[in-house]
Amino acid sequence: MPSSVRSEAHMSFNFSDFSKDYISDLTATLEKLPISTLEEIWSIIEDARSSEKTIHLIGNGGSAGTPSHSAGDWSKELKLRTISHTDNASSLTAWANDTDFDNIFVGQLSTFINSGDIVIGYSGSGNSKNVINGILYAKEKGCHTIAITGNYNGMGGGELAKIVDVVLVVPSESMERIEDTQLIVNHIIKEAIKFNNGL
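Residues numbered from 1 in each chain as written. Predicted model: local features only at pLDDT ≥ 70, side-chain atom pairs only at ≥ 80, totals over all residues. Heavy atoms only, no water.

Caption draft 1: Structural view of the packing of aromatic side chains. Here the structure, examined in full by the defined rule, presents two aromatic pairs. Taken together, a centroid distance of 6.4 Å and an interplanar angle of 70° make the contact between phenylalanine 13 and phenylalanine 15 edge-to-face. Accessibility expressed as a relative area gives 57% for phenylalanine 15, which makes it exposed. Taking the centre distance of 5.6 Å and the plane angle of 50° together, the rings of phenylalanine 13 and phenylalanine 18 count as tilted. The exposure class of phenylalanine 13 is partly exposed, given its relative accessible area of 42%. Each residue in the set Phe13, Phe15 and Phe18 is aromatic and connected to the rest through ring pairs, giving one cluster. Its end group placed over the ring of tyrosine 22, arginine 177 keeps NZ or CZ at 3.9 Å from the ring centre. (Phe/Tyr/Trp six-rings, centres within 6.5 Å; stacked < 30°, edge-to-face > 60°. Buried < 20%, exposed > 50% of the residue type's maximum accessible area, 1.4 Å probe, protein only. Lys NZ or Arg CZ within 6 Å of the ring centre and 35° of its normal.)

Following this line, the structure appears as structure tokens:
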């Protein structure tokens, strides 16, 4: 049976205060989101849905989880062609093994993208080389490019922010708040499309 006696380490840590501080910081981050940029991204996704273009999502780590989650939501609930290029383990590892990890998204995009498609890169720092390469490749092929990144360590969205057509920089230096907000942004876009189209 687990001991009911809390250790001294636990006794010195106030979980309630910690949780409240986290929620307060996340709330402040959300309140500072650039709504005009969020609306621009929503409009691009709406147009892609109307013209039957495909949305391609790329990212690493926690910023790979959001594409996977959102591809499921958007394809199921919005009937929007959405591919998460973080989900095919065989393809990811083949491209990494046979070429380089920096090419994992370029390799997959080379098979699936068409001119006029949308490629969205997720990166907390904005400096993930494979995401940057994927975005540059997409631009070469005539795709619209979007980044949802953050001000991690004060980097202002990193290199990714400089190369995309539209960038949303989450106003936080915390990777956790940035990743929280990336998913919230995708949920806002999804719900806006549903409401706007009576879905």
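Caption draft 2: Main features of the sheet that holds strand β5 (residues 166–170). Strand order in the open sheet made by the five strands is β2-β1-β3-β4-β5, with parallel pairing throughout. Two strands in the sheet have a free side with no partner beyond their single neighbour: β2 (82–84) and β5. Mean inter-strand twist for the sheet, computed between neighbouring axes without regard to direction, equals 15°. Along the sheet, helix α4 (residues 62–77) makes contact with β1 (55–59), β2 and β3 (118–123), crossing β1 at roughly 160°. (Pairing = 2+ DSSP bridges. Helix = DSSP H or I, 4+ residues; strand = E, 2+ residues; numbered from the N terminus. Axes fitted to C-alpha atoms, helices over the stretch in contact; angles between N-to-C directions. Contact = heavy atoms within 4.5 Å.)

Caption draft 3: Structural context of the nonpolar core. Ile45, Ile55, Trp74, Ile120 and Ile189 are the most contacted members of the largest nonpolar core, which totals 23 residues. When residues of this core are traced back to their parent elements, those giving at least two are α3 (35–50), β1, α4, β3, β4 (144–150), β5 and α9 (175–197). Counting residues in each nonpolar core, the second largest holds 18 residues, with Ile104, Val119, Val131 and Cys143 among its members. (Core = buried A, V, L, I, M, F, W, Y, C linked by side-chain atoms within 4.5 Å.)

Caption draft 4: Structural detail: the packing of helix α2 (residues 15–31) against α9. Here α2 crosses α9 at 55°, and the two axes come no closer than 10 Å. On the basis of the axis angle, α2 is oblique to α9. Pair α2 / α9 crosses with right-handed handedness. Taking contact as the criterion, the partners of Tyr22, Asp25, Leu26, Thr29 and Leu30 in α2 are, on α9, Glu176, Arg177, Asp180, Thr181 and Ile184. In terms of residue class, the contact of α2 with α9 is made up of four nonpolar, two polar and four charged. (Parallel < 35°, antiparallel > 145°, perpendicular 65-115°, else oblique. Left-handed = near helix turned anticlockwise from the far one by under 90°. Nonpolar A, V, L, I, M, F, W, Y, C, P; charged D, E, K, R; others polar.)

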